[in-house]
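# Residue-level structure breakdown
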Amino acid sequence: DQELFNGEDMSPAPVPEPEAMTADVGGGGDEEGQQNGFTEDGLAVAMAVDAGEEDDYVYAAIEYDPDAKPPLHRNRRFRVYTCLAIVLVAAAVAVTVIYVTKGAKGVDEQFTDINVATLPTLEPTRSPLTNREQSGIIEQIEAGVLQRGAVFANMTVDDPRKMALEWILHYDQMQLNSDDVNLYQRYVLALLAFSLDSLAWYYCGNHRMVNANETVDFVQEDCDVLASTGVLESHKVWLSSADECEWYGAKCSSTDGVLRGLEMMGNDLIGELPPEISQLRFLQYIAFNGNCLYGSIPPEMGTMPNLLSLELQGNGLSGAIPEELNNADKLQLLNGAMQYQYPYQCAASDGRIVNTIFAKGNPENGYNWGLMGSTLGDNVNKWKSMKGLHLFDNSITGTISPSVGDLKYLVFLRVHNNAIQGLIPNEIVKLNKLREVYLFQNGVFGDFPPDIGLMEDLEDLRVHENEMWGFLPDTFWKLTKMKKLWLQDTLECEQDEADEWKCMRSRDKGFQGSISPEVGNMKKLSQLLLNNNPLTGTLPAELGNCKELSRLHIHQTFIEGVVPTEICLLRDEELFDHTGQIGVFYADCRPNNKTEDPYISCDCCSDCCDHTHGVCVADD
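Scoring rules and cut-offs
- Residues numbered from 1 in each chain as written.
- Predicted model: local features only at pLDDT ≥ 70, side-chain atom pairs only at ≥ 80, totals over all residues.
- Heavy atoms only, no water.
- Helix = DSSP H or I, 4+ residues; strand = E, 2+ residues; numbered from the N terminus.
- Buried < 20%, exposed > 50% of the residue type's maximum accessible area, 1.4 Å probe, protein only.
- Contact = heavy atoms within 4.5 Å.
- Areas by Shrake-Rupley, 256 points an atom, 1.4 Å probe, with all protein chains shown as cover.
- Pairing = 2+ DSSP bridges.
- Axes fitted to C-alpha atoms, helices over the stretch in contact; angles between N-to-C directions.
- Parallel < 35°, antiparallel > 145°, perpendicular 65-115°, else oblique.
- Nonpolar A, V, L, I, M, F, W, Y, C, P; charged D, E, K, R; others polar.
- pLDDT = per-residue confidence, 0-100.
- Polar contact = N/O pair within 3.5 Å; in protein donor to acceptor, adjacent residues only side chain to side chain.
- Phe/Tyr/Trp six-rings, centres within 6.5 Å; stacked < 30°, edge-to-face > 60°.
- Patch = residues over 30% accessible without salt bridge, like charges linked within 9 Å, V, L, I, M, F, W, Y side chains within 5 Å.
- Salt bridge = Lys/Arg side-chain N within 4 Å of Asp/Glu carboxyl O.
- Lys, Arg positive; Asp, Glu negative; His and termini not counted.
- Charge placed at Lys NZ, Arg CZ, Asp CG, Glu CD.
- Disulfide = S-S within 2.5 Å.

Here we come to the overall build of the protein. Secondary structure summary: the protein contains 5 helices and 36 strands in total. Taking all 620 residues of the protein together, the buried fraction comes to 42%. Sequence separation of at least 24 residues holds for 53% of the intrachain contacts in the protein that already meet a minimum separation of 6. In the form shown here, the protein has an accessible surface area of approximately 36000 Å², with 51% of it arising from carbon and sulfur atoms.

The following block contains the structure:
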């Protein structure tokens, strides 16, 4: 209450003196001695009266009556009694109002016993709701955006969802209303900014202005980004006052301002993807590769009806790829590669160092094993529009389901360096648009499907470092578009006494048979790696038809004889080392076991190997 009177005098203000009248009622005269009809000594002065003037009512002209009593309102005792009566009446009215009010509420009134021994709560009293908080925005976002039954009332102040709401309500200069068409869109983007530590982003995330005496949030508007062309491009900072379609990396359609894409590659995004990203219903592509994302892929992303491309490679994600993601049936590109053993560091805005090689970026959590699950199981055919499936360098398990043959648009299948087991299903040969198959460094075993030659667009086949065996089918050599064929380093695996599998390279296990003369049909072949397999026979001269051949590895096999001249002539074309760092033509042309004749005679090999000991020496 003291603040109400701060700086004021507590004593009653004095009553002002009435102002002296200054009019010259005489119409002239001595100004010094006859002001106001009195002399300087206070004596009255006779005044001439103009009979023509109208009579004015003059209080002093009232005749004085010595027996007259003063009027009742001027009696001091009367005034005191009157004031007391007014106060008593007002008090009586107030008591009556209070009594009636309590009586009306008496039915609902409850009393609570207070235990004076109980400690007071530490929760602060809620602030009164503002007009913005009562405008329906909170209810609208809760109903249309928040996932998993979340409500704002149960969130802490540092929850990114709550922080995004506070920004929408109180700090966003757009001041959207509950019926604005871009409310959801702008809120979700704000949520991404708070969830992924925008203050630590390499480009266009720092909205703060730091001065000598203060730090002000949400004031930075513009940022420059160095494009791949080497030119600086101007963009808007996230959480700025600009339309969210102008924020860096946000791609909207020009006609309706609807968000269609998010491109934030290599921008040091740090944190977990919020499930609310799924409420960007018209989003078609997400490119968040090369950042420090951790945690799992939200299952809710499987409900995004227009998602075509999801690129998350080169982060620190973990956990099973959710089965719900198979419901995104328009998805054409899924790239979740390089989550396991992928070291990349980001500096968070709070000073933490986040390293993707560890679970959730923290060494205390141990190593990150990447994405898991049986992603190539029976539900894989739900991705009926899939063209590129890139999940290498993870911990994917299970087998390759025959359902993979239903992905009729599939062009790229890169799932190497995982823990996939089992056979290559025969149904894979139905994928006549498939160009690249990377299955190496898994637990795949068995031979190739006999009709593999039907995959007429196949250009790049890599199955090395698996337990594959058997003869190469005759149709194999009809793959005329083949450019890179990597079948080397077949493994032989056995269980030890502790029931653990131990695998090692073996030249005695793996692909058998000989290289068919039809290999000359593969005129685009640039790399043929067959080492560490029990292949036999000789090198066919038709291999010389492969004019683009740049790497040929046939060491640690049982191929014998003399290297044909047609192949040696390739050394004058592409079969040589352009960099001076690697050998390009390996064969067992060193004396076997140091004393015996070499397996193969070669005058043009870049490196000769001892078949028994596996030692290779440059021979150029």
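Turning our eyes to something else, we now look at the pairing of strand β6 (residues 259-263). The side chains of a regular strand alternate, residue by residue, between the two faces of the sheet. With 3 bridges joining them, strand β5 (residues 250-252) and β6 adopt antiparallel strand pairing. Considered in β6, the bridge of C252 is made with L259. Linking β5 to β6, which pair antiparallel, is a turn of 6 residues; within it G257 sits at a positive phi near 70°. Pairing of β6 with strand β8 (residues 285-287) involves 3 bridges; the strand directions are parallel. Counterpart to L262 in the pairing with β8 is I286.

Here we come to the sheet that holds strand β11 (residues 316-317). The strand order across the open sheet built from 3 strands is β7-β9-β11, with neighbouring strands paired in parallel fashion. The sheet is open, and its two edges are formed by β7 (270-271) and β11, each paired on a single side. Sheet topology places β7 next to strand β9 (residues 292-295); 2 bridges connect them, and they run parallel. Each bridged residue has a counterpart across the sheet, and for G271 the counterpart in β9 is L293.

Right, let's get into the packing of helix α2 (residues 137-144) against helix α4 (residues 183-195). Close contact between α2 and α4 brings their axes to 11 Å; oriented N to C, the two are set at 80°. Judged on the interaxial angle alone, α4 and α2 are roughly perpendicular. Contact residues: α2 offers I137, Q140, I141 and G144, while α4 offers L183, Y184 and Y187. Within the contact of α2 with α4, the residues separate by chemical class into 5 nonpolar, 2 polar and no charged.

What follows is about unusual backbone geometry. Excluding glycine, residues mostly carry a negative phi; peptide bonds, for their part, are mostly trans. Phi at L239 takes a positive value of approximately 70°, unusual for a residue other than glycine. Under the relative-accessibility criterion, L239 is labelled buried at 1%. With a phi angle near 75°, K594 is a residue other than glycine that sits in the positive phi range. As for its position among the elements, K594 is in the loop between β33 (585-587) and β34 (600-601). Owing to a relative accessible area of 66%, K594 belongs among the exposed residues under this scheme.

This part covers the pairing of strand β4 (residues 232-236). Examined bridge by bridge, strand β3 (residues 222-226) and β4 share 5 bridges and lie antiparallel to one another. The residue bridging V225 from the neighbouring strand is E233, located in β4.

Overall, parallel pairing links the 3 strands, which are arranged β12-β16-β18 in an open sheet. Bordering the open sheet on either side are β12 (319-320) and β18 (395-396), each of which pairs with just one other strand. Note: strand β16 (residues 371-373) against β18, 2 bridges, orientation parallel. The residue of β18 that forms the bridge with G373 is I396.

The predicted coordinates should not be examined in detail at positions where pLDDT is low. Averaged over all residues, the pLDDT of the protein equals 84, while 78% of them reach at least 70. Below a pLDDT of 50 lies the segment residues 1-76, which in the model reaches 24 contacts outside its immediate sequence neighbourhood of four places, other chains included. For residues 100-125, every residue scores under 50 in pLDDT, and the model assigns this stretch 0 contacts once sequence neighbours within four places are set aside.

Structurally, the position occupied by N335 is in strand β13 (residues 333-335). For the pair N335 and H390, spaced 55 residues apart in the sequence, the C-alpha separation amounts to 4.6 Å. Residue contacts for N335: discarding those within four places in its chain leaves L310, E311, L312, Q313 and H390. Reaching out from N335, the side chain makes a polar contact with the backbone nitrogen of A337 at a distance of 3.2 Å.

The next point concerns the packing of aromatic side chains. In total, this model carries 15 aromatic pairs according to the counting rule given. With a centroid separation of 6.3 Å and an interplanar angle of 85°, the aromatic rings of F152 and Y187 are classed as edge-to-face. Pair noted here: F152 is in the loop between α2 and α3 (160-171) and Y187 is in helix α4, with a separation of 35 residues, a long-range link. Ring geometry for Y171 against F218: centres 5.4 Å apart, planes inclined by 45°, an arrangement best described as tilted.

Residues E548, D572, E573 and E574 make up a contiguous surface patch of negative charge. Examined against the element boundaries, E573 turns out to sit in the loop between α5 (565-568) and β33. For E573, a relative accessible area of 34% gives the class partly exposed.

The next point concerns the state of the cysteines. What the rule picks out here adds up to 8 disulfides. One disulfide bridge connects C245 with C252, the sulfur atoms lying 2.1 Å from each other. On the S-S bond that ties C245 to C252, the torsion sits near -90°, and the link is left-handed. Residue classification places C252 among the partly exposed positions, given a relative accessible area of 24%. Paired by a disulfide, C493 and C503 hold their sulfur atoms 1.9 Å apart.

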